[in-house]
Amino acid sequence: MKWNPSFDHKKTAKGMVHIILLLLLLSQFMGCVASSSHSTRVEEALPDHPALVRHTLASGTEMWILPRAGEAVELRLVVNAGSVHEAPDQLGIAHLVEHMAFRGTAAYPAAEAQAELAAQGLNLGSHVNAATSFFNTTYRLSLPNAEALPVALHLMAQWANAITFDAEALAGEQLIVQEEWRLRQSGGTRINQQLDAVRYQGSLLAEREPIGDLTQVLGFDRDALLDFYQQWYRPERMTLILVGAVDVQQVIAQAEADFAAEQFTLSPAGAPLSNVDLAAFPAASAAPLVAAVLDPEQGQRFVQVMLQRPQPAPLTQVNGQFRDLIDQLWLEILTHRFNQRVEQGDLARGQTSPFGQLLTPDFQHYLLILHPQQGNYAQAVEVAAQELARLMQHPVLDEELHAAKQRLLHQRGDQARFAAAVPPARLADRLANAAVYQLPVLSEAQEFELTQQLLSGISAAHLQAALLELEAQAQVKLALIGPSSDAEPIAATDFAALWQQTLARPQSPWVMQQAAVASLPALVQAPLVQRRQLPALSTEGARTERLTLSNGMTLLWRQDPALDAQLHLDVRFPGGRSLEDEHGPAWVFWSMMLPEACGYGDISAADVARFARTHQLQVRPYVEELHHGFRASASPAQLEPLLQVLQLKMAAPRYCEAGLVRWRERLQQQQQQQHQPVEQSFAQQLQALAFESGHLMQPAALLQQLDALPLEQLAEQRERLFAQASAGRIGLASRPLPEQLQVRLPAWLAALHTSDAPAITWQDRGLRPVAQSMQASWPINLSPKTQVQIHYSQPTHWSAERQIALELLETWVHQRLQARLRQDLSGVYSFGMHHLLARDPEAYYLGRLNFSSAPERAEELIEAALQEIAQLRQTPPTAAEWRQAQETWRLGLAEREAQAAYWSAALAQTQTPAQEEQLALAAGQAAALSAERAHALLVEWLAGPVKIFQLTPRREEG
């Protein structure tokens, strides 16, 4: 393959040696890709997805249509108008234009479009949304079927050419943008803003945060927005994307009319710079740039190493894909080397981005993240430089390269195998991203075939050459992230010198301490007792079975070709932390979690983790108040490795003092943390007040009497957690598996370890809402906002009908509160009204309303929310509102039922055949439930008491 790196001939002699090496490799790159009949011209563009239809409308708008089986239809309108296109006195105007699209167009004044879509169950946020970035604004519509497609296409065109920018609506939306800005203010936001300043340093991107300058945003008038809109919302700057079962010629015909040139009112076209030119980065400097990224709420200390350079070859060409694969391989190998340094005690954690990310369509960014031991920034910088230098100075080991290639091939192979399971929304987003960043549009099968072909031609020398080129071209940026108290000890020049000196120092060749992939015990099988299909949960395409296993557990297994690609499994036992004595140690937590730090059987925790990373699977213990168990997920192709890990973790937990010490130190740091996020402190203090026995929910409860818990006792008590085998449930959901696995998989699960120890049952520890009204405020917020939580709670009883009513009511209540707090008062950007109907150990209802606001408006908005909820109790939903709530719930259920994770959890939570059958009855019960019946329950649940909690800005001292 042809690779034409350019170099500065004035580089040092060392650099010339690197260049000579690269030039020697050029002959190896030539012709590395060949078809059966001739060598491929690597400069040629890659082919499109075979099903993709590209069409240019008469007005100049591009249409990309990807026909796809299934009912759902996804639409995206990508407008090449983002924050980089703003003048210095327009900061935030692109984002405000996007907001105004939802406040009225010529054909849909005010919120008529939203109302029409809402009648079909489509909600703002989940189905109707938009986002503004540096280079573009993207509008999104997610339709459950093609019935509303004509309206959706027309609405997309209205956003493209007919936003009205009503002056009254503009005044309200400016306040909402202000609240969007306020919502984002937090310690995490301040850290990210500082990181952005480092990441984009020297580029216009550093000055064009999409939300803009609030002073300017609040001052824009209608004419200012129209000027920007008519300048940049031009048909030739747009890409209209459709994914789904659509009539291609019909949608093109409608788009020709809706996006016709005469529909646009445009200002005279100039000759604007390209996105690449607008956001160009400066040439790299020889020395790394070092920045301290500090905040009072940042507790952890770690380092981000950024390596930035122009993209070496377009990704739309074979050469670009070849170079991208080389990058993915060395990044993967570097992550595994960091993991070994962790095991050797040189790091706490270390990882890399999986590939080079694009900051602009032609500028790449590689990211390394290292967490040092004891918060030692210099240690992290030194380890990063050492390992990069080692990769540059010595070829990677054959074993490393082979393992990295296999991992990449497994990943691409799984993607190709389960391409039909990719949700249309993800495909549409992928196409939108391709339109913005000039990426190829390949099918999963094409990607896999190309990866197979290119990987066979990549050697260790290619990786070394790529890193030497990166050293010659890249700008290095070091971000030292930690608490603001670290400001004085950080000297940028010292860290820059440390990086350069370490990178120049000769490194010894890499020595692997362990095999690239740990060896786990072979799978064990055991017989089944009974297997039967569940007719209520089975259809022509999907099958759900109940299997009684010889270890005493029950397996509920759903296989459905409509599920997403991942297999999900949930092993669930009753008990959880309720088994712990209120005044004793948290033995359930420690017996389940400590082996994650100590290991299982003869396998160290690091080796188990490495095995899981290699096979791209997860098997994690969990401990809840009333249940405990394991949750697992993987590609079906990795089913056997997943079951190996699960069998090992259930059968052979290991306990060690060193792991306990590490856990204890971490929890103690959290408990005494001066730099923890204020939201975390708010949540902990709120829990302690709002719940009876709320102290049991605090991190301190995990440390209680820990010294009185011998490790050998933990091992004994762990056996009791899996003693009540008949109560153990396994929820499993996947796409249909090969015939041989229909027998093997249940047999492997039947061999999961259970215990003959005396069974124990969960107990009521009294965790429930306090039955009284209260108000409390904590003036500790470092951000200019007040965060509000309003709680309603009531003792009640649980039933399936009540649970469905609660979910339906949640939609209605949300819509009413949104209309009042956001649309009428322009007081909040986002909020949540979350409802819980607890079943065990004692049923209760809990409703929690959360929002953030300007401190001076908090009391006004609290009162408005209370009044609106009181009004909701007085007046039931109208027939139209209730139909809309039912349709929204139905669409939400359909979306959940397409996810394997939903089914694995839902099936594991059932305890009786009646509860299993209830999963099939829910849709019919929701359709039959009357608004009056549901409203009567709402009246009961929202009767009180009411608790109001506020996190307010810190008071100025003095």
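All of these numbers come straight from a predicted model, not from anything done at the bench. (Residues numbered from 1 in each chain as written. Predicted model: local features only at pLDDT ≥ 70, side-chain atom pairs only at ≥ 80, totals over all residues. Heavy atoms only, no water.)

*Asks:* An account of the pattern of salt bridges is needed here, citing residue identities and associated values.
*Replies:* Per the stated rule, a full pass over the model turns up 44 salt bridges. A salt bridge links Glu297 to Arg190; the shortest N-O distance between them is 2.8 Å. You can see Glu297 sitting in the loop between strand S7 (289–295) and strand S8 (302–310) and its partner Arg190 sitting in helix H6 (residues 187–199), a full 107 residues away along the chain. Take Glu297 and Arg190: they sit in the same class, and that class is buried. The partner of Glu625 in a salt bridge is Arg765, and the shortest N-O contact between them spans 2.9 Å. Of this pair, Glu625 sits in the loop between strand S17 (618–623) and strand S18 (627–634) while Arg765 sits in the loop between helix H26 (739–750) and strand S21 (768–769), and the two are 140 residues apart along the sequence. The exposure class of Glu625 is partly exposed, given its relative accessible area of 24%. One continuous salt-bridge network, built from bridges that share partners, spans Arg341, Asp346, Glu387 and Arg390. (Salt bridge = Lys/Arg side-chain N within 4 Å of Asp/Glu carboxyl O. Helix = DSSP H or I, 4+ residues; strand = E, 2+ residues; numbered from the N terminus. Buried < 20%, exposed > 50% of the residue type's maximum accessible area, 1.4 Å probe, protein only.)

*Asks:* Outline the side chain of Glu444, listing residues and values.
*Replies:* With respect to the helices and strands, Glu444 occurs in helix H15 (residues 444–455). Classification of Glu444 as buried rests on a relative accessible area of 9%. If sequence neighbours within four positions are ignored, Glu444 has contacts with Gln415, Ala416, Ala419, Val422, Leu427 and Arg430. (Contact = heavy atoms within 4.5 Å.)

*Asks:* Break down the nonpolar core for me, citing the residues and quoting the values.
*Replies:* Nonpolar side chains in soluble globular proteins tend to be buried together. Residues Val571, Trp590, Leu646, Ile730 and Leu749 are the most contacted members of the largest nonpolar core, which totals 63 residues. Take this core: its biggest share by element is 7 residues, from helix H21 (residues 639–651). Excluding its chain neighbours within four sequence positions, the residues that come into contact with Leu749 are Leu549, Asn551, Leu555, Leu569, Leu643, Leu646, Ile730 and Leu732. (Core = buried A, V, L, I, M, F, W, Y, C linked by side-chain atoms within 4.5 Å.)

*Asks:* Could you give an account of the environment of Phe682, naming the residues involved and the relevant values?
*Replies:* Turning to its location among the elements, Phe682 is positioned in helix H23 (residues 678–690). Beyond its immediate stretch of four places on either side in the chain, Phe682 contacts Trp778, Gln787, Phe949, Gln950 and Leu951.

*Asks:* Describe the pairing of strand S9 (residues 349–352), naming the residues involved and giving the relevant values.
*Replies:* Every second residue of S9 is oriented toward a common face, the buried set being Gly350 and Thr352 and the non-buried set Arg349 and Gln351. As paired elements, S9 and strand S11 (residues 363–371) share 4 bridges and run antiparallel to each other. Note that in S11 the partner of Thr352 across the bridge is Leu368. (Pairing = 2+ DSSP bridges.)

*Asks:* Break down the sheet that holds strand S26 (residues 946–953) for me, with residues and values.
*Replies:* If you walk across this open sheet you meet the 5 strands as S22-S26-S23-S25-S24, and the pairing is mixed. Only two strands of the sheet have a single partner each, and these edge strands are strand S22 (774–781) and strand S24 (831–838). Pairwise comparison of adjacent strand axes, ignoring direction, gives a mean angle of 15° for this sheet. Of the strand pairs in this sheet, strand S23 (residues 786–795) and strand S25 (residues 844–853) are connected by 10 bridges, and their pairing is antiparallel. By the bridge assignment for S25, Ser793 is matched with Leu846. Sitting on the sheet, helix H27 (residues 800–824) is in contact with S24 and S25, with an inclination near 165° to S24. (Axes fitted to C-alpha atoms, helices over the stretch in contact; angles between N-to-C directions.)

*Asks:* Describe unusual backbone geometry, listing the residues and the values that go with them.
*Replies:* Note the cis peptide between Asp840 and Pro841, where omega equals -5°. Secondary-structure assignment places Pro841 in the loop between S24 and S25. Following Gly944, the chain continues to Pro945 via a peptide bond in cis, the omega torsion being 0°. Even without being a glycine, Gln438 presents a positive backbone phi close to 55°. In this fold, Gln438 is placed in the loop between helix H14 (424–437) and H15. For Gln438, a relative accessible area of 52% corresponds to the exposed category. Even without being glycine, Ser693 reaches a positive phi, approximately 60°. Relative to the assigned elements, Ser693 resides in the loop between strand S19 (691–692) and helix H24 (700–703).

*Asks:* Help me get a handle on the state of the cysteines, residues and values and all.
*Replies:* One pass over the full model with this rule turns up 1 disulfide. Here Cys598 is linked by a disulfide to Cys656, with a sulfur-sulfur distance of 2.1 Å. Disulfide Cys598 to Cys656: torsion about the S-S bond roughly -85°, handedness left-handed. Of this pair, Cys598 sits in helix H19 (residues 595–598) while Cys656 sits in the loop between H21 and helix H22 (657–671), placing them 58 residues apart in sequence. (Disulfide = S-S within 2.5 Å.)

*Asks:* Would you mind going over H21 in detail, with residue names and values included?
*Replies:* Its 13 residues place the ends of H21 18 Å apart at the C-alpha level, agreeing with the 18 Å of an ideal helix rising 1.5 Å per residue. Of all 13 residues in H21, 11 are buried; the element is thus mostly enclosed. The set of residues buried in H21 consists of Leu639, Pro641, Leu642, Leu643, Gln644, Val645, Leu646, Gln647, Leu648, Lys649 and Met650. (Expected span 1.5 Å × (residues − 1).)

*Asks:* Which residues make up the UniProt feature "domain: Peptidase M16 N-terminal" (unreviewed entry) in the chain, and what values go with them?
*Replies:* The feature "domain: Peptidase M16 N-terminal" (unreviewed entry), as given by UniProt, occupies residues 71–181 in the numbering adopted here. In the segment residues 71–181, helix accounts for 39% and strand for 17%; the C-alpha atoms at its two ends are 37 Å apart. (UniProt positions renumbered as here; feature names shortened; annotations may be inferred.)

*Asks:* Before we move on, could you go through empty space enclosed by the protein and cite the residues and values that matter?
*Replies:* Inspection of every chain in the model, using the stated rule, returns 6 cavities of 30 Å³ or more. Considered as a void within the structure, the second largest cavity measures approximately 70 Å³ in volume. Along its surface, the second largest cavity is lined by 14 residues, and Ala101, Ala113, Gln114, Leu155 and Trp159 are the ones closest to its centre. Top element by residues in the lining of the second largest cavity is helix H3 (residues 112–118). It accounts for 4 residues. (1 Å grid on protein atoms, 1.4 Å probe; cavity = no way out; pocket = protein on both sides within 12 Å on 5 of 7 lines; lining within 4 Å. Points joined across faces, edges and corners; volume = space filled by probe spheres on them.)

*Asks:* I'd like a description of the packing of aromatic side chains, backed by residues and values.
*Replies:* In total, this model carries 19 aromatic pairs according to the counting rule given. Seen from their ring centres, Phe165 and Tyr229 are 5.2 Å apart, and the 75° between their planes marks the pair as edge-to-face. With Phe165 in the loop between helix H4 (149–161) and helix H5 (167–183) and Tyr229 in helix H8 (residues 222–232), the pair connects residues that are 64 residues apart, well separated along the chain. Ring geometry for Phe589 against Trp590: centres 5.2 Å apart, planes inclined by 85°, an arrangement best described as edge-to-face. This pair shows no difference in class: Phe589 is buried, exactly as Trp590 is. In textbook terms, an aromatic cluster arises when at least three aromatic residues are bridged by ring pairs, as seen for Phe134, Phe135, Tyr200 and Tyr437. Positioned over the ring face of Tyr200 is Arg199, at 5.9 Å from the centre of the ring. (Phe/Tyr/Trp six-rings, centres within 6.5 Å; stacked < 30°, edge-to-face > 60°. Lys NZ or Arg CZ within 6 Å of the ring centre and 35° of its normal.)

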